[in-house]
Amino acid sequence: MPIDLKIVQSTASLARLNLAQGLEPEQAQADLEKLTHELATIVGYIDILGEADTQGVEPLYSPMLEAPGAREDVVINSNTTEEILEQAPDRIGSFFAVPKIL
Amino acid sequence: MSELYKLTLTEAAAKLQAREISASDMVGDCLARIEATEPDIHACLTVMGEEARAEAKALDEKGPDPAKPLWGVPVALKDLFCTKGVKTTAASKMLENFTPTYDAQVVTKLREAGAVIVAKTNLDEFAMGASTGFSAFGPSRNPWNTDKVPGGSSGGAAASVAAYQTPGGFGTDTGGSIRQPASLCGCVGLKPTYGRISRYGVMAFASSLDQPGPMARRVIDCARLLKAVAGPDARDNTASLHPVDDYDAVLPMKVKGMRLGLPKELWEANIDPELDGPLKAALAKLEEAGAELRPITIPNLKYSVATYYILACAEGSTNMARFDGVRYGHRTKDPRDLTELYVASRSEALGPEVRRRILLGTFALSSGYYDAYYKKAARVRRLIRDDYFKALEDCDFLLTPITSVPAWDFSKEHDPLTAYQLDLMTLPVNLAGLPGLSLPVGRGVKEGMPVGIQLVGRHFGESALFSAGLSFEEMFPPLL
Amino acid sequence: MSRMEPVIGLEIHTQLNTATKLFCSCATEVGDQPNTHICEVCSGQPGALPRTNGRAVELAAKAGLALGCKVNERSIFSRKNYFYPDLPAGFQTSQLDPPICEGGGLEIVDEDGGKRFIRLNRIHLEDDAGKCVHDEQRGQTLVDLNRAGTPLIEIVTEPDFRSSGEVMEFLKKLHAILVRLEVTQGRLEEGEFRCDVNISLRPAGTEKLGTRCEIKNLNSFRHAGQAIEYEIIRQGGLYDKGEPVIQETRLFDPAHQETRALRSKEEAHDYRYFPQPDLPPVVVTPELLARLKAEMPELPEEVKARLLEEGLTAEQTDVLLDRRRAVEYYDLALKILNEPKRVATLMVELLLPACQRDDISPMDSKLPPEGLAALGKLMADNTLNRRAAYDLFPELFERGGDPAELAKAKGVIQISDAGAITAMAEEIIAANPDQARQYREGQEKVLSFFVGQLMKRSKGAANPKLANEVLVKLLKS
């Protein structure tokens, strides 16, 4: 699958990244092209996976062979509201605050 | 007593327990060593001088406790482990001023064992990299030669141990991030079996590959550190219930008759002559001592780098989604709206390698590409895992190089794909979830940088790995 | 133009009845100060990991059993990725393939009295998001994560509904079942049972589905019905005018009785679902499933049939079924006093109104089932008459205690001693010769005057039946 500028930009937008952030337009364009080239090279290499015969092979999502059981439904109060809110870039009372969503 | 910092972790623990030295002396000496070496090494992002001295003092007031095997022992932690009330940055501008509200399980367990955390060490931003060159706060330097990289991503911890700042520490290993810097700095490092140590409170890169692990100057020191922190955790659903052995009680394994599988795909790779000589010499010595060297093949190994980078980046891309500037971390100045808050905050604060991996991972999961990349890679992962398990049926361990190149100069920049390919020797072990021990076997031919080798063990075969490691250590004297 | 037929499917989100959130040990209580029930897990702190609540898994499986689904022994959680301030981790943890339950369905009675089977597609587990409050004055949005991580099941139906009536009937029935199973508390006003409606129109008799709209977040049965009615007219109007229906998400505005398109500047969603690597598969072992089956209470339909058979009136049956834990209370009381009608009457006339007034379940009242049964027993064996029993009730409800003791203390034990009643009756008749004469002359209704007098004299404690008999006998003699 060839990676082009358009895919890189739409992927960036999905990931909430602006690849031109803080850059002059010329620099931004050059960086974007370089990044696209790098990603295209990497994805081009990754296409080797197509050669692997995975017919009938179940995906392996985790190397865990056994897992501990589920958690009991018992309340533990962590009482860390204030410590958590202290980290907030912006807060109003005990709410986290962000610009108004339209 | 002078030069306490030179003690190995096991020596220090014994002297502390016997009251030959106080916790304050030991911690104080390491802090002094940190102060003396940091200007050259830059292994640490935060030195917890005040906290460490206070903890040591409190320990001294109560006196040694045989139930606390690491009583008074100073340790360093990669700055990816959350420490309550102490800044934890993941070497990212995103978390430059972030203070966790809770302790990682490793931190809790270390404190229970009596250890004193003295420093948070440098890394590649969010553990994405192999040199600490992607730290937002500048790279660490290799104590053997400060023109060279210490490796990564746990490069700060390796440099700290190699510079005698601390007798041991913890890193994390997603594709080689403990074993490679340990090797480049001449230390011992263990990537345990997936699930051996709780990941709770370790900022995640790739959840199904990440595993914390110890780094020290001796095999037995790593065993001690692992024993202290291994085991299940009510807060980590992937931490195993598998029993924790007395890792520190193992004895050296007989080399004679030891069946060592040598994956052809790795030994026949293009290995730098600087390493090739010492590695081949090590093999010869092992054979001479009676080890059975068995060339084996890992048929699907050629897919491992591709598989790894798809899976690690896919998981990583969504693990990084919480860094959005809403609840903590960097927020752009005066965002106009929510979209700008997200986009600008993330773009300003996440470095180039992190962004590159987020893009790659997002792409691999996105509609239309999921089956061809993410799901395909997950299928190939099973093939690779099965290859490794099968190879270990007929061998006691697999023996492989750690890297194909020695510690490189700062001036040298690898393009991203080349950098990824350099992880070839270590990352399949993470895909398979197996334990891997990295230990030194000699020094480079011309430049004299440390050369390491990797022993890969069976699932939860840490005791056997340490046991073999001890006999390797007898044959190949420690470099530190 | 041929008649247009609506095709409707539902997605119902139900909050599971657990003490803690789906992946952490924070309480699921509502109504507290913002961000009080949060920890590092549900506020998405770096390094925090989820751990599955076993009870949530059991409740989801239980719902599946009751709805005839196949409960999968292994299902997996997946991450559903999108950015929103009420979503702390940047992804919701949900289930894609396979979910915990598949298939199943529920039979309903449609408007014409015919039976229809509504098929379910699936039931899956997922965690809820937090809450955004828009502060107009400050021009900011405020985020409260108390609700973030609350366990939900999403029940997805096939598009089998053809009218708003069917939808409302289904929702009521489903709600009753899930509440009866205690899978959910089902408080509609708290949003614990809310539904999204997918609706499209097509010419009656054709197969191909039209373009659908999704009406989100309906948390009352009536609103669901009204929204569907509106949407049928709106989409029908578009077809009449030859205009296209746009696939979009709409919200129902109850004040104006209309649905409105949600303003959406967002690009098309790409949720990038993939298996959540922090969580092992959700396992429902055959042993667990067997236990859940054994524990399965009667479903509302079954309970209704049984209660009617036990001799309760249809009205009493409906009331008991309608109130949370009322049937449980009734069954416990019946174990002590096997008089269904008496127990039901006491509950419907005394206990349940009082509970409703205090907003508690009967199981939480100070008068336990044993107490109510004891009170009924005192009536059954003529120790208390009805009036005395009803007079004692408020105090028993407020303070609890043993009805027999209280009755004794108040001196209202029924007098069933014929001698004592005869003595009182003779005195009363002697004192009221005029009325006695009227009775003997045939004015039988005067009897009630004498009964009243006798009750008064006995402070309400006389056995009314015996009093009647004695008075009639004396007056006629």
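Residue indices follow the written sequence of each chain, beginning from 1 at its first position. Each chain takes a letter, starting from A, and each ligand takes a number, starting from 1, following the order in which they are written. Local features in this predicted model are restricted to residues whose pLDDT is 70 or higher, and side-chain atom pairs enter the listing and the counts only when it is 80 or higher, whereas totals over whole chains, interfaces and linings include all residues.

Engineer: Go over the interface of chain B and chain A with me, naming the residues and quoting the values.
Structural biologist: Distance between backbone-placed C-beta atoms decides contact: two residues are in contact if it is within 7 Å. Each side of the interface is counted separately: chain B has 62 residues, and chain A has 45 residues. Of all elements in the fold, only helix H10 (304-319), helix H11 (338-349), helix H12 (352-365), helix H13 (371-394) and helix H14 (416-421) of chain B reach the threshold of two or more residues within the side of chain B that touches chain A. With twelve residues, H13(B) is the largest single contributor of residues to the side of chain B that touches chain A. Residues are sorted three ways: Asp, Glu, Lys and Arg are charged, Ala, Val, Leu, Ile, Met, Phe, Trp, Tyr, Cys and Pro are nonpolar, and all the rest, Gly among them, are polar. Taken together, the residues that form the side of chain B that touches chain A break down as 31 nonpolar, 16 polar and 15 charged. Helix and strand assignments follow DSSP, with helices taken as H or I runs no shorter than four residues and strands as E runs no shorter than two, numbered in order from the N terminus.

Engineer: Would you mind going over the interface of chain C and chain B in detail, with residue names and values included?
Structural biologist: If you look at the interface, chain C gives 26 residues, while chain B gives 32 residues. Split into classes, the residues belonging to the side of chain C that touches chain B amount to 13 nonpolar, seven polar and six charged.

Engineer: Residues and numbers for the environment of Val343(B), please.
Structural biologist: Among the structural elements, Val343(B) can be located in helix H11. You can call Val343(B) buried: it has 22 C-beta atoms within 10 Å. Separated by 18 residues in sequence, Val343(B) and Gly325(B) place their C-alpha atoms 9.3 Å apart. Dropping the residues within four chain positions of it, Val343(B) is found in contact with Arg16(A), Leu17(A) and Asn18(A). Working definition of burial: number of other C-beta atoms within 10 Å of the residue's own, with buried at 20 or more, exposed at 12 or fewer, and partly exposed in between, all C-beta atoms being placed from the backbone.

Engineer: Requested: an account of the confidence of the model for chain A, with residues and values cited.
Structural biologist: A low pLDDT score tells you not to read the predicted coordinates there in detail. When pLDDT is averaged across chain A, the result is 94; 99% of the residues are at 70 or more. Every residue is assigned a pLDDT by the predictor, reflecting its confidence on a scale from 0 to 100. Looking across chain A, the model is least confident in helix H1 (residues 5-14) of chain A, with a mean pLDDT of 95, and most confident in strand E2 (residues 95-99) of chain A, with 97.

Engineer: Tell me about the domain arrangement of chain B, and name the residues and values.
Structural biologist: Residue and element names in this part refer to chain B. For chain B, the assigned domains read domain 1 (4-249) and domain 2 (259-294 + 398-475). Boundary definitions for the domains trace back to an automatic or database domain assignment. Relative to domain 2, the C-alpha centre of domain 1 lies at a distance of 22 Å. The partner domain 2 presents 33 residues to the 37 residues of domain 1 that form the contact. Contributions of two or more residues to the side of domain 1 that touches domain 2 are made by helix H6 (179-185), strand E5 (188-191) and helix H7 (219-229). The biggest single contributor to the side of domain 1 that touches domain 2 is H6, with six residues. Partitioning the side of domain 1 that touches domain 2 into residue classes produces 17 nonpolar, twelve polar and eight charged.

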